[in-house]
Amino acid sequence: MFNQSRRNLARWFTLSMGSILVLFAGVIYQIEAKDKREALDRLLLDKTRIMAASVHYDVRQNQTAVDLTNVPLLGSGSHPLAEDLIYVRWYNAQGRLVRFFGAAPANQLNTSPGYQTIQPADPLLQHRWLRQITLPVEGRTGTLGYLQVATPLTETHNQLQELQIALTLAVPIALGLIGLAGWLLSGIAMQPIRQSYQQLQRFTADASHELRSPLSAILTNAQVGLMLASDDSRFQPSLENIVDSAKSMGSLVNNLLLLARHQGKLAPESFKLLTLNQFLAEIVPQFRVLAEAQDIQLEYEQPEQAIKVWADPDLLRQVIENLLSNACKYTSTGGSVRLRLVPHPGWAVIQVIDTGIGIPEVDLPYIFDRFYRVDTARSLDSGGSGLGLAIAQQIVQAHSGHLHVKSVIGQGSTFQVELPLKLPS
Ligand code: ADP
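Keep in mind it's a predicted model, so treat the numbers as computed, not measured.

(A) Quick look at the pairing of strand β12 (residues 347-354). Of all eight residues making up β12, seven are buried, and the element is well covered by its neighbours. The pairing of strand β11 (residues 336-344) with β12 spans eight bridges and is classified as antiparallel. Bridge assignment links Leu339 to a residue of β12, and that residue is Val352. Between β11 and β12, which pair antiparallel and follow one another directly, the connecting turn spans two residues, one of which, Gly346, has a positive phi of 80 degrees.

This is the structure we're talking about:
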């Protein structure tokens, strides 16, 4: 129970911290990508503006022109302006191409001013991603033309890819460390809960133990009183009442003691190798009398092969008795109760199937809780205290097994005990 809570705490801690970490890594990546794009855009704009300053009116050609003669392109590297530029294009005010360097452009300007990220189909550009700026150049008389300049995004993409790889490696490592920290922290957090739970268990065990002696004294005295007052009808009902109450209190105290004592795993010496076929066959007869009294058909089915498990015989008997007693209690006259031993690889499966009143679906998750009763009326009728299934589940879990239930209201219930064939470690 504590280990499961600790695992849950560690899991939730890792999940929440992990989500924050992944979100944080995503934000860092986005900020870095935005910074790089902005830096590239600024550089591109600066270079384009310097080129725009060389725009002049070419009298011979009777049109505006830009002086690009000294702007070598990508690869030549000799001109600081042209470093990393893929092409430079000059369009006149009407958007018609006047001059260009680099990849051959369209004759007419087909993009609006501003930045674009493009991947031109031109095979000369090897399908590279480019960042392109189209800058309108203004003169005294209005727009003189448009300068279009592009630079490759390869460098920026490479840098971002490196950051992505670094984050992809760092995030799982950080997640692992967070998981470890979560496990250690949840261990520390569980410590006081574990201690107070142990104190509570010890108190329950001690209190139940101490209550047993006065209870048996009350029972014995009441029984003696009953014998002595056998001919006095005035005392008989009260004394019978005391006997019944003392008996039911005795069984409640025994159950509480059982729950308090067998919390967690069992001591290795309490495990015995049991042949379940025979073990179950010995339990059935005591319920046959009860079943016959209620006109319920009780059957026991077992396979031909012997199924052996390591178990504490007294505790396992308690489980089967609780389940069979419930099955008989909650099955009405004419119904049937079946005890089945089913072979299964690695496990022994014991089923208690009844055709009784069934359990409402809403109650199924709670019926293994201590003192939980589906409806008080029907349990009180049958003298139940709501501890039988809690005890059965605790014992089965102490054997490293599982206890499941399936039930349909009005049709019946199936309780299934699964025990490992191997000695629990
Ligand atoms: P109780 O002592 O009240 O029977 P249990 O812990 O054994 O307590 O069972 C818890 C509740 O589950 C019971 O109050 C009963 O309503 C329901 N229950 C248990 N077994 C069956 C069954 N075979 N059929 C129908 N209801 C059942």
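(B) Representation of the packing of helix α3 (residues 236-261) against helix α7 (residues 388-398) within the structure. Their axes nearest at 10 Å, the elements α3 and α7 cross at an angle of 25 degrees. Between α3 and α7, the crossing angle belongs to the class labelled roughly parallel. Here the hand of the crossing between α3 and α7 comes out left-handed. Where α3 abuts α7, its residues Asn255, Leu258 and Leu259 lie against Ala390, Ile391, Gln394 and Ile395. Grouping the constituent residues of the contact of α3 with α7 by class yields five nonpolar, two polar and no charged.

(C) Focus on the packing of helix α2 (residues 154-228) against α3. α3 packs onto α2 with a crossing angle of 155 degrees between their chain directions and a minimal axis gap of 8 Å. The orientation of α2 with respect to α3, classified from their angle, is roughly antiparallel. Here α2 and α3 pass one another in a crossing that is left-handed. Of the residues contributing to the contact of α2 with α3, the split by class is 17 nonpolar, nine polar and four charged.

(D) Main features of the packing of aromatic side chains. Under the criterion given, the structure shown has two aromatic pairs. Here Tyr366 and Tyr372 contribute two aromatic rings whose centre-to-centre distance is 5.7 Å and whose plane-to-plane angle is 40 degrees, an arrangement assigned as tilted. Of the residues examined, Tyr366 reaches a relative accessible area of 40% and is grouped as partly exposed. A centroid spacing of 6.5 Å and a plane angle of 85 degrees characterise the contact between Phe368 and Phe415, whose relative ring orientation is edge-to-face. Here Phe415 lies in strand β14 (residues 412-420) and Phe368 lies in the loop between β12 and α6 (376-381), a separation of 47 residues in the sequence. Each member of the pair, Phe368 as well as Phe415, is classed as buried. Against the face of Trp183 rests Arg6, its NZ or CZ located 3.9 Å from the ring centre.

(E) Layout of α2. Given a rise of 1.5 Å per residue, 75 residues ought to cover 111 Å, and the 106 Å separating the end C-alpha atoms of α2 matches this to within 8%. Along α2, the helix axis deviates most sharply at Met190, where the bend reaches about 35 degrees; the proline Pro192 sits within four residues downstream.

(F) Expanded view of the sheet that holds strand β5 (residues 114-118). Judged by pairing direction, the sheet is antiparallel, and its five strands sit side by side in the order β4-β3-β7-β6-β5 without closing on themselves. Every interior strand has two partners, whereas the edge strands, β4 (97-101) and β5, have only one. Put simply, the sheet's adjacent strands are angled 15 degrees from each other on average, direction ignored. Note: strand β3 (residues 87-92) against β4, four bridges, orientation antiparallel.

(G) Geometry of the pairing of β3. Of all the six residues making up β3, six are buried; the element is thus mostly covered by neighbouring parts of the structure. Here β3 shows no split at all, with Tyr87, Arg89 and Tyr91 on one side and Val88, Trp90 and Asn92 on the other all buried. Direction of pairing for β3 relative to strand β7 (residues 142-152): antiparallel, over a ladder of six bridges. Across the sheet, residue Tyr87 finds its bridge partner in β7, namely Ala150. Connecting the antiparallel pair β3 and β4 is a turn made up of four residues, with Gly95 showing a positive phi of about 85 degrees.

(H) Seen up close, the side chain of Asp354. Its location among the elements puts Asp354 in strand β12. At a separation of 2.9 Å, a polar atom in the side chain of Asp354 contacts the main-chain amide nitrogen of Gly356. What Asp354 contacts, discounting residues up to four positions off in sequence, is Ala327, Thr331, Ser336, Val337, Gln411, Gly412 and Ser413.

(I) Fine view of the pattern of salt bridges. Following the criterion strictly, the structure yields seven salt bridges and no others. Its salt-bridge partner being Glu301, residue Arg340 comes within 3.0 Å of it at the nearest N-O pair. Of this pair, Arg340 sits in strand β11 while Glu301 sits in strand β9 (residues 297-301), and the two are 39 residues apart along the sequence. For Arg340, a relative accessible area of 25% puts it in the partly exposed group. Members of the salt-bridge network, linked through shared partners, are Glu301, Arg338 and Arg340.

(J) How the structure looks around the nonpolar core. Counting residues in hydrophobic clusters, the biggest one holds 48 residues, and the most contacted among them are Leu276, Leu324, Leu339 and Ile350. Ranked by size, the runner-up nonpolar core spans 13 residues in total, among them Leu44, Leu45, Val137 and Leu147.

(K) α7, seen in detail. Across the 11 residues that make up α7, a large majority, eight, are buried. Among all positions of α7, only Leu389, Ala390, Ile391, Ala392, Gln394, Ile395, Val396 and Ala398 are buried. On the buried face of α7, the contacting elements are α3, α5 (313-329), β13 (402-408) and β14. Downstream of α7 by one or two residues, Ser400 has phi in the positive range, about 60 degrees.

Rules behind the numbers
Residues numbered from 1 in each chain as written. Predicted model: local features only at pLDDT ≥ 70, side-chain atom pairs only at ≥ 80, totals over all residues. Heavy atoms only, no water. Buried < 20%, exposed > 50% of the residue type's maximum accessible area, 1.4 Å probe, protein only. Helix = DSSP H or I, 4+ residues; strand = E, 2+ residues; numbered from the N terminus. Pairing = 2+ DSSP bridges. Axes fitted to C-alpha atoms, helices over the stretch in contact; angles between N-to-C directions. Parallel < 35°, antiparallel > 145°, perpendicular 65-115°, else oblique. Left-handed = near helix turned anticlockwise from the far one by under 90°. Contact = heavy atoms within 4.5 Å. Nonpolar A, V, L, I, M, F, W, Y, C, P; charged D, E, K, R; others polar. Phe/Tyr/Trp six-rings, centres within 6.5 Å; stacked < 30°, edge-to-face > 60°. Lys NZ or Arg CZ within 6 Å of the ring centre and 35° of its normal. Expected span 1.5 Å × (residues − 1). Bend = angle between axes of the 7 residues up to and from the residue. Polar contact = N/O pair within 3.5 Å; in protein donor to acceptor, adjacent residues only side chain to side chain. Salt bridge = Lys/Arg side-chain N within 4 Å of Asp/Glu carboxyl O. Core = buried A, V, L, I, M, F, W, Y, C linked by side-chain atoms within 4.5 Å.

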